[in-house]
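Reading the structure
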Amino acid sequence: MRAVMTGHPGRPQRLECRPVRQHGGRRLVLVGLAVVLCCGLAVWQWQRAQQQAGLAAAWQTRQQAPVRQVVSAPAVPVADWTGRRVVLHGQWHEARLWLDNVTEEDRPGRRLYGIFVLADGLAVLVERGFVGRGEAPPPASLSSSVSGIVQGWPGRRLVLAGPVRQGEVWQALTPEEVMAVWPVRLAPWLVREGAGTAVLPGLPAERHRAYAVQWAVLALVLAASGVFWMRRTGRPA
């Protein structure tokens, strides 16, 4: 409650007690919660940036290591195997897989994959490259070896409608779905053919840092708005 003088000017005034509105307090609480949320998101994005930077450094070290000749399944964890430069020895399987609806440098197209079988029977999915709309696909390889960089599988993508596979064209690639079509024993990793650089999973560290700065700036703006509102309206009871 608060005391308020009422009455018309020039006439006797009277003192009345009126309840204080609490809407300002609710708004202030909501602003405070929003500031805390934005600060938490900024810290989380910054931590993700540090993790990605560490992962990138580890992958850079692996790519600078000597090229490893592979004739059978390596007896190392997948996490320690990812990012290494390798040369696979064996023979190509007849399978030819196109991952549809992908883009590269803002160009729509498909990504071509093949299956390479090692001497011990382990099959490795090989990413052969991107083919834009209207471009000619690369010729089938008959080589008994293939060089590239070890990567993780492309992962399961959301398929909104239609079958996952139509002939050689796939909407999503998983080891289970590929092995259901061809009776091979697939490795839990793939090889990106060529001498390029490894593609890190997730967003780059720079992108996470940019998001962290954006959330921090938003938190500052909200905090400044709350302070300005308090000074203008007075501290709520």
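So, unusual backbone geometry
Unusually for a residue other than glycine, Asn 101 sits at a positive phi of about 60°. For Asn 101, the location among the structural elements is in strand S4 (residues 85-104).

Quick word on the pairing of strand S7 (residues 145-151)
The side chains of a regular strand alternate, first on one face of the sheet and then on the other. Burial analysis of S7 places 5 of its 7 residues in the buried class, the great majority of the element. Where S4 and S7 come together, 5 bridges link them in antiparallel fashion. Bridge assignment links His 89 to a residue of S7, and that residue is Ser 145. Two elements, S7 and strand S10 (residues 185-193), share 4 bridges in a ladder whose sense is antiparallel. Looking at the pairing, Gly 148 lines up with Glu 193 of S10.

Re the nonpolar core
Counting 18 residues, the largest nonpolar core has Leu 97, Tyr 113, Ile 115, Leu 125, Leu 173, Val 178 and Trp 182 as the members making the most contacts within it. Counting residues per element, this core draws most heavily on S4, which supplies 4 residues. The next biggest cluster of nonpolar side chains, apart from the first, holds 15 residues, and it includes Leu 88, Leu 122, Trp 189 and Val 191.

What about the pairing of S10?
Of the pairings in the sheet, the one linking strand S6 (residues 122-132) to S10 comprises 5 bridges and is parallel in character. Along S10, the bridge assignment pairs Leu 125 with Leu 190.

Concerning the packing of aromatic side chains
Two descriptors summarise a pair of aromatic rings, namely the distance from one centre to the other and the angle between the planes of the rings. Within the structure shown, the criterion is met by 2 aromatic pairs. Here Trp 92 and Phe 116 contribute two aromatic rings whose centre-to-centre distance is 5.2 Å and whose plane-to-plane angle is 85°, an arrangement assigned as edge-to-face. On the criterion of sequence distance, the pair formed by Trp 92 in strand S4 and Phe 116 in strand S5 (residues 107-118) is long-range, its members being 24 residues apart. According to the relative accessible area criterion, Phe 116 is buried, its value standing at 0%. Directly above the aromatic system of Trp 92 lies the positively charged group of Arg 128, at a separation of 5.5 Å from the ring centroid.

With respect to the environment of Ser 143
Along the chain, the position of Ser 143 falls in the loop between S6 and S7. The class for Ser 143 is partly exposed, based on a relative accessible area of 33%. Remark: the alpha-carbon pair of Ser 143 and His 89, spanning 54 residues in sequence, is separated by 9.1 Å. Beyond its immediate sequence surroundings of up to four residues, Ser 143 is in contact with Trp 92 and Phe 116. Side-chain polar atoms of Ser 143 contact the backbone oxygen of Ser 145, separated by 2.9 Å.

Describing the side chain of Glu 127
Its location among the elements puts Glu 127 in strand S6. Judged by relative accessible area, Glu 127 falls into the buried class, the value being 13%. Leave out the neighbours within four places in its chain, and Glu 127 touches Arg 111, Leu 112, Tyr 113, Leu 190, Val 191, Arg 192 and Glu 193.

Some thoughts on the layout of surface pockets
Remark: the empty space left among the atoms is shown by a probe the size of a water molecule rolled over them. What the second largest pocket holds in volume is close to 200 Å³. Taken together, 16 residues line the second largest pocket, and the ones lying closest to its centre are Trp 92, His 93, Ala 95, Ala 140 and Ser 141. Looking at which element gives the most residues to the lining of the second largest pocket, the answer is S4, with 7 residues. Broken down by class, the residue content of the lining of the second largest pocket amounts to 6 nonpolar, 7 polar and 3 charged.

Describing a nonpolar patch on the surface
Taken together, Val 213, Trp 215, Val 217, Leu 218 and Val 221 make up a surface patch of nonpolar side chains, about 400 Å² in accessible area. Among the structural elements, Val 213 can be located in helix H4 (residues 205-233).

Side note on the state of the cysteines
This model, assessed by the stated rule, comprises 0 disulfides. Cysteine Cys 38 remains unbridged, with the sulfur of Cys 39 as its closest cysteine sulfur at 7.0 Å.

Looking at the pattern of salt bridges
Counted according to the given criterion, the structure contains 7 salt bridges. We note a salt bridge from Arg 133 to Asp 100, for which the minimum N-O separation is 3.4 Å. Of this pair, Arg 133 sits in the loop between S6 and S7 while Asp 100 sits in strand S4, placing them 33 residues apart in sequence. Between Arg 111 and Glu 127 there is a salt bridge whose closest N-O contact spans 3.3 Å. In this pair, Arg 111 sits in strand S5 while Glu 127 sits in strand S6, placing the two residues 16 residues apart along the sequence. Look at the salt bridges and you will find they share partners, linking Glu 104, Arg 111, Glu 127 and Arg 192 into a network.

Cut-offs used in this document
- Residues numbered from 1 in each chain as written.
- Predicted model: local features only at pLDDT ≥ 70, side-chain atom pairs only at ≥ 80, totals over all residues.
- Heavy atoms only, no water.
- Helix = DSSP H or I, 4+ residues; strand = E, 2+ residues; numbered from the N terminus.
- Buried < 20%, exposed > 50% of the residue type's maximum accessible area, 1.4 Å probe, protein only.
- Pairing = 2+ DSSP bridges.
- Core = buried A, V, L, I, M, F, W, Y, C linked by side-chain atoms within 4.5 Å.
- Phe/Tyr/Trp six-rings, centres within 6.5 Å; stacked < 30°, edge-to-face > 60°.
- Lys NZ or Arg CZ within 6 Å of the ring centre and 35° of its normal.
- Contact = heavy atoms within 4.5 Å.
- Polar contact = N/O pair within 3.5 Å; in protein donor to acceptor, adjacent residues only side chain to side chain.
- 1 Å grid on protein atoms, 1.4 Å probe; cavity = no way out; pocket = protein on both sides within 12 Å on 5 of 7 lines; lining within 4 Å.
- Points joined across faces, edges and corners; volume = space filled by probe spheres on them.
- Nonpolar A, V, L, I, M, F, W, Y, C, P; charged D, E, K, R; others polar.
- Patch = residues over 30% accessible without salt bridge, like charges linked within 9 Å, V, L, I, M, F, W, Y side chains within 5 Å.
- Areas by Shrake-Rupley, 256 points an atom, 1.4 Å probe, with all protein chains shown as cover.
- Salt bridge = Lys/Arg side-chain N within 4 Å of Asp/Glu carboxyl O.
- Disulfide = S-S within 2.5 Å.

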